[in-house]
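Observations on chain architecture
For reference, the chains in residue letters:
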Amino acid sequence: MKKAWWKEAVVYQIYPRSFMDSNGDGIGDLPGIISKLDYLKELGVDVIWLSPCYKSPNDDNGYDISDYRDIMDEFGTLEDFRTMLEGIHKRGMKLVMDLVVNHTSDEHAWFMESRKSKDNPYRDYYIWRDGKDGKEPNNWTSYFYGPAWEYDKETDQYYLHIFSRKQPDLNWENPNVRYEVYDMMKYWLDMGCDGFRMDVVNMYSKVPGLPDGKPAEITGKEHFQDGPRIHEFLQEMNREVLSKYDIMTVGETADVSIEEALRYANNEGTELGMVFQFEQNMIDNGETRFSYRKVPLPELKACFSKWQRQLEGKAWNSLYWTNHDQPRTVSRRGNDKEYRKESQKMLYTMLMTMQGTPYIYQGEEIGMTNVYFDDIQDYDDVEIRNYWERYVVNGTEDPEKTLDGIHFRARDNARTPMQWDDSENAGFTTGKPWIKVNPNYKEINVKEALEDPDSIFHYMQDLIRMRKANEVAVYGDFKEYEPENEKLYIYERNFEGKKLFVVLNFTEETVDFCVPEGISGEGAELLIDNYKDGGKLENRVMRPYEASVYLI
Ligand code: TEU
Ligand code: CA
């Protein structure tokens, strides 16, 4: 197992639009982040992953970039960026940028040129095709619904956009595109950035001929995910850029299989350092995007345990519960009412005691919950808006049922403003926030968490300290007990003669725990537990959402 600083790090993801507003326009910004760097240092995180802050018309909140080398007006200036980067480094932390190069904004200069004429030098920076029988070139559909093609009458052709129509896909077959991207990456790395999170990194390579896909909710995935040249492109990117810097890279690989993940995040370092698997997010899928199912614990455990065991010694896991595209963890996997604190602490005890790099999304450290807006107009996300338009307004879905699905799993659940204190707008802004603050900010906010010795925040600090003090928590192997147990997740980690033993109660019931064969509780040291009076390692009753970690 090769050691690396980014394997031992704990990452904190900031969604800048919702983190902290410094100038009262209701939108988070870089000076706002700068004002909170001491808070992040106090939490104990090592790396900040910053969601896109580049110039953007914000059709997809910054994931539609119109200038890769400058800062979005609403967030501030390049000067502010340099000040923030300096502030991060001065505190011994690192900054990982979000690389979004599967597509640009349609307001990017390259696309403005490309759409001018068929023989424009930038034409094949994008994917243009003639229609077929007066319709789109193939049957692919966008992640944001509707066809994945937009007709452009100027040149009587369609351009591909697997996301919104304002996010035209770049043509990675064109070496000019690839080398422009590599050049831009060096611009940020030479400025001192410490790596990249790579947006939809497994979608750059499309199957030649762009054949029709099997009809599905997102049609065509099989032809643009893990495409024929993706590993060639990433190995080229690695040779041209990544290998020249001591950086962290993590790929967002929607729907990736274990086999593919082992290629993207292999130990030889020929592509990326690690990837985000999506199996854990799809496990509670219903029949449609905004429907869901309750997941029996053995299924959830089987997913995490498989990724632990099958990457061990071959590749490195990312460990996360949520991000800016997922609902809040405590609402999805825990109990966001009477056991909000216990369950969130238990859930993050799991992340901090597995093999991989743990990611804490902003607000998770204080147990922020889903937002449950009753009025669909209160949601902002292009994905939600398009879905509602297509399947409720112009479709047959029952509004109540769809809204219930949105309450459970919509992306905006993670995008409501960070809750700093109990003053108006949770101290996020003195203006009108771009999206409403979760009404529970009066009870759930950083100020009360810092004052409460038993808060999730203080427990998260202890978890991070525990992980840093015990290499077995980082590099240990993974062995599960009682996989069929429907209430407890029990596993051990081993490294250089140390054994970590973890027992997690995923339910609001009291549950009997029996020490497994071969485990001796004698001399086991209780490292951390969310009830702070956890018992010895012996047969005992686990309380609701109780988490206990022992060093043997
Ligand atoms: O997400 C792409 C993606 O495949 C999943 O997150 C998911 O399918 C999508 O969010 C719709 O639910 C990345 C970014 O994380 C996301 O915020 C962007 O909207 C998207 O790419 C396009 O850049
Ligand atoms: Ca602002």
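Just above, that's the structure.
Residues numbered from 1 in each chain as written. Chains lettered and ligands numbered in written order. Predicted model: local features only at pLDDT ≥ 70, side-chain atom pairs only at ≥ 80, totals over all residues. Heavy atoms only, no water.

**Focus: the coordination of the calcium ion (ligand 2)**
Test applied: Metal donors were taken as nitrogen, oxygen and sulfur atoms no farther than 2.8 Å from the ion, or 3.2 Å where the ion is Na, K or Ca. Water is excluded, so coordination may look unfinished. Exposed residues in this analysis have more than 50% of their type's maximum accessible area, buried residues have under 20%, and partly exposed residues fall in between, with area computed by a 1.4 Å probe over protein chains only.
Taken together, the protein donors to the calcium ion (ligand 2) comprise Asp 21 (OD), Asn 23 (OD1), Asp 25 (OD), Ile 27 (O) and Asp 29 (OD), at separations of 2.3 to 2.4 Å. The sequence pattern describing where the donors of the calcium ion (ligand 2) fall on their chain is D-x1-N-x1-D-x1-I-x1-D. Classification of Asp 25 as partly exposed rests on a relative accessible area of 33%.

**What to know about the environment of Gly 476**
Note the cut-off: Secondary structure elements follow DSSP: runs of H or I no shorter than four residues count as helices, runs of E no shorter than two count as strands, and numbering proceeds from the N terminus. We call two residues in contact when some of their heavy atoms are within 4.5 Å.
Among the structural elements, Gly 476 can be located in the loop between helix H18 (471-475) and strand S14 (479-481). Taking relative accessible area as the criterion, Gly 476 reaches 0% and is therefore assigned buried. Sequence separation between Gly 476 and Pro 52 is 424 residues, and the spatial gap between their C-alpha atoms is 33 Å. Setting aside residues up to four positions removed in sequence, Gly 476 forms contacts with Gln 355, Glu 471, Arg 493, Asn 494 and Phe 495.

**Focus on the sheet that holds strand S13 (residues 357-361)**
The line we're drawing: Here the rule is simple: two strands pair whenever DSSP picks up at least two bridges between them. Fitted lines through C-alpha atoms serve as axes, helices being fitted only where they are in contact, and the angles separating the N-to-C directions of these axes extend from 0 to 180 degrees.
Ordered in space as S1-S2-S5-S9-S10-S11-S12-S13, the 8 strands form a closed barrel in which the pairing is parallel. Ignoring strand direction, the axes of neighbouring strands in this sheet form an average angle of 25°. Strand direction decides the pairing type here: strand S10 (residues 248-252) and strand S11 (residues 274-276), joined by 3 bridges, are parallel. Looking at the pairing, Val 250 lines up with Met 274 of S11.

**Considerations on helix H11 (residues 297-311)**
The criterion, for reference: Helix span, expected: 1.5 Å multiplied by one less than the number of residues in the helix.
Between its first and last C-alpha, H11 extends 21 Å over 15 residues, near the 21 Å set by a 1.5 Å rise per residue. Looking only at H11, the buried set comprises Leu 297, Leu 300, Lys 301, Cys 303, Phe 304, Ser 305, Trp 307, Gln 308 and Leu 311. Looking at the packing, one finds that the buried side of H11 touches helix H9 (258-264), helix H10 (279-282), strand S12 (316-319), helix H13 (340-352), S14 and strand S15 (488-495). Once H11 ends, the next one or two residues include Gly 313, with phi positive near 80°.

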